[in-house]
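Chain by chain, the residues run as shown.
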Amino acid sequence: MRRRWLAAVAAAFVAVLPAARVRGDDNGITVSGSGEVSAKPTQVEFEIRTGGSAELTGDAIAKYRDAKRRTLDAFAKQQMKNLVIEERAIALTNSSGLNPQQAMFNAGQAPAAKPVIDISRSIRVVLKDIQDMPEEELMATIGRVLDTAKDAGATIGPASDASALLARMYGQQMSAAIATFVLDDAGELREKAYRNAMEQARTRAERLAALAHVKLGPVLSVQETAVAGGADTNPQQQMIMAMYGIRDANHKDDLRVTSDTFSEIPVRVNLQVRFGIESE
Amino acid sequence: MDAPARAGSGSEVQRPFLLPAQTGEVSEALEDFARYSKRADWNRAFKSLQKVLDANPAGLVAGSDGFLLSMRARLMQLLAELPADGREAYRLFYDAEAKKLFEEATAAGVPPKTEEEKLAKLASSYFAATVGDAAADRLGELYFEKGEMGQAIDCWQAVLRYRPDSALDRAGLLTKTAIALARSGRWSEFRGVERVLRERHAGATLTLGGAETDAGATLAELAAAAPPAAQADPAATPDIEFPAAAAPLWQFRYFSEANAKAIATAGTDWGARSSVSLMVPPAVLDEKRVYVNLLGHHFALERASGKLLWRSAKFHDIGTRIQQQRYYVFPEQYGIATAEGRVFCVSRKPQEVGQHGTPFRLYCLNAEDGKQLWGSESVAELRDWSFCGTPLVSDRLYVCAYKPQKASELYALAIQPDTGKPTWTVMIGTHQADQSQMYNQRTAQPALALGEGRIYIDTHNGALVELNADTGNLDWGFLYDSEMVTQQNVWYGGQPATMDTAGAPILAGSRLVFKGMRSTRLYQIELDGPKLGWERPVSKREMLAGLDGERIYLSGDEVTSITRDGDRRLAWSLPVPFATGLIRPVTTHTRVYQFTPRGVYELDKSTGDVLQIFRGADLDLGSQGGALFIAADSFLTVSNVAITAYPVQRPRAAASR
């Protein structure tokens, strides 16, 4: 009797697995369900850096102070509505004074250079409420933000260790996204995505239960397998980071839903749900 | 002359450039003389001195603070510093011989040439003897009569400076010096001497042409005829107002877009950018025309219209030519200068643009029609030279050069502009890295500045020298802090091009301010001495852009301003877009202008605030920025792709700072 029952469950498992990735075991059916809801980004963000480097610390401080003031003043002069400036981390480093090429190409044998103090400040420039903005207007506004930053002498883009290494290796800047589109308040969308994922899981489980001639029971467990936004990373950077074991200092670990492209951003939820099987 | 020069106590420092120094034996003898003099061991001291005199030295000897002084100046300095008993001892040793020589020189019937030779021997070998001052004074008069004002001035100034014990009439020496200075157009120095005479020797008389005259009145007469004080201060250049629209008066593009792109991306197919991708052709203006040296293709445009007036060769295929041999193009070595209807170019022939080892020639062209008046290939004395850097033109043409078979030895030449015949040639020193093997790293091209009777040459490789403009004599050299370029571990594809900047030294009265291309130091030298005024750390990528009474302005990937008062504080700095080191920023009355890849930045000199960014008509062409020229009626930008002229709306009202 026990052997016949096991054979029946095994047959059901084999039959449904390719279609719905269902795992049956002795007391339930496990299925995955995914839900996806898309929406236009609500804001666009730019990571910029200002700062200065000099052999004399006093000079580095003066340069840093000047650079930051000029950058903030430049944005203030623009009087752009919905623009928010967030001052973020400040970094002080002591570098060799060699240019990146020298450092890379002549490692260990480069001529002695006087070390310099680098002081830099990350600033996040956030342009809010862009979801209803016509594309033309948005592009023009983004252009103003980028030009303002560049003209003020700020560096646009995150200070990525990987891109810096690439730049050193090839003596030139690698391409990297400079704007991050953000769905600022994705809570409601995420709720909807959860509902959709759960509904899909239930539908799949019911289908499998029907095929297996069993009655679907209650949910025994739920596991969220991944929550993904549209965040991208330059493939070259990913490769270099993997090769050299670098963790990107600007890793987007704030769980916001972001994308490097201006398009509807999907909010995805993947659930793995295990349903019980009710005895007939 | 062959021993490597070392600065001060830093003999262990590896220097990228060595100045011509005395042999170790002569230097040691001089050191012995100084040491024994301190101990008042006169016998030994003068034996050592005799060794120095017998060597007839012409090179430099180590002074302090990185200076190397001419042996003659150093000797005079040491003799002038002798205490009274030392002077007495010196005269016991040398007076008899000196007096004999002086009598022979000044005896009746002695031919002038013999008189000059004997006096010159006296002035150089027995200057501290009793008759040394009189010999120098008489020698000065001989030079004056021959019209060799520079030499005459040197003689009289030597007595004034190094013979404080001299019984000669100081007022008379000062007056003669001032007259010689006026005759040679050295008006700034003239004013200084005239002031000393007025303040300290009022009422002094001088016998001129057999008649006694009032020295002050004579100099006042000369002063009245002097031109107004030179306005070297960039604050004298008026500011400009950019036009409201970017529409240019005219634009001259050198290449097709394909050619421009080929040059701008040279080397980037694999590896790093090459130096040729940073090319901005050197250009100069006169009242009527713009002259350009585009990698050996010389051409002139009409200032008013941009019309091509003449050119030495077509330049449609430059892109193709440089692709194959881009490591050896050296765009920074091309130079151009103009004066009095002539244009002087340092160039390779267009068909030799990338040929390794091919010399750079010096050409003199007629500014009117571009016809070659002479070329260094056709002047026998110049045939073997390869020229470098931008020539400097006054009554003579001053330029640096090397011989291709000994490319590391750098020389300075003074050339007659009309014939190409050299007046003098002098070795400045030796590069430690072969400048023809730099693999995309910017080569050190000397930059020249003309003072009154003196030429200052920054090798941009760790040494600066002063030469007598009349004679070419090396007065002194200064070894400064500069990065030693490595020529090891050169990668396939060449070293990545470095965007180093290089400016010329700037004279401000009796001070010289300069910054070497690979140096992280800004220096001020007090020329009365000479001695180091101060040095200050700055960014290596910056070049000296200008100075005024209060500030020094540096430019590169950032523009910075440093105060000239006691603490030399960094007043402000501004990072600016930067895509080539071949830039030419301009400082005016209250502004600093820099032509960048994102337009011409106009900065307030007092705050560094960006007042305006003029985005001109070449931004869409892929301009990397470059040189800026400001004239009364227009301003011009010279980039890697085009020369563009824009109208100046009106000069800004001169605002006081």
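Residue indices follow the written sequence of each chain, beginning from 1 at its first position. The lettering of chains begins at A and the numbering of ligands begins at 1, in the order of writing. Predicted model: local features are reported for residues with pLDDT of at least 70 only, side-chain atom pairs are reported and counted for 80 or more only, and whole-chain, interface and lining totals are derived from all residues.

**Topic: the overall build of chain A**
In DSSP terms, a helix is any run of H or I states spanning at least four residues, a strand is any run of E spanning at least two, and both are numbered starting from the N terminus. The number of helices and strands found in chain A is seven helices and 10 strands. Buried, partly exposed and exposed are defined by the number of other C-beta atoms within 10 Å of a residue's own C-beta, namely 20 or more, between the two limits, and 12 or fewer respectively, with C-beta atoms placed from the backbone. Sorting the 280 residues of chain A into buried and exposed places 32% on the buried side. Here, residue contact means that the backbone-derived C-beta atoms of the two residues sit within 7 Å. Of the contacts formed within chain A by residues at least 6 apart in sequence, a portion of 81% connects residues at least 24 apart.

**Side note on the overall build of chain B**
Check the secondary structure of chain B and you find 12 helices and 37 strands. In terms of its C-alpha atoms, chain B occupies a principal-axis envelope of roughly 80 × 55 × 50 Å. Within chain B, the fraction of its 657 residues that count as buried is 52%.

**Some thoughts on the pairing of strand E35 (residues 627-630) of chain B**
Residue and element names in this part refer to chain B. Here the rule is simple: two strands pair whenever DSSP picks up at least two bridges between them. Two elements, E35 and strand E36 (residues 634-638), share four bridges in a ladder whose sense is antiparallel. Looking across to E36, one finds that Ile 630 is bridged to Phe 635. Linkage of E35 to E36, two consecutive antiparallel strands, is achieved through a turn of three residues.

**A few points about the environment of B:Leu181**
Residue and element names in this part refer to chain B. With respect to the helices, strands and loops of the structure, Leu 181 is situated in helix H8 (residues 170-183). Distance from Leu 181 to Arg 91, taken between C-alpha atoms, is 32 Å for residues 90 residues apart in sequence. Excluding residues that lie within four positions of it along the chain, Leu 181 makes contacts with Ile 153, Arg 186, Glu 189, Phe 190 and Val 193.

**Here's the deal with unusual backbone geometry**
Leave glycine aside and you will find that most residues have negative phi; peptide bonds, for their part, are mostly trans. We note that A:Asn82 has phi near 65°; this positive angle belongs to a residue other than glycine. Assignment of secondary structure puts A:Asn82 in the loop between helix H2 (57-78) and strand E4 (83-95). Phi angles above zero are rare outside glycine, and B:Phe330 is one such case at about 50°. Tracing the backbone shows B:Phe330 in the loop between helix H12 (318-324) and strand E11 (335-339).

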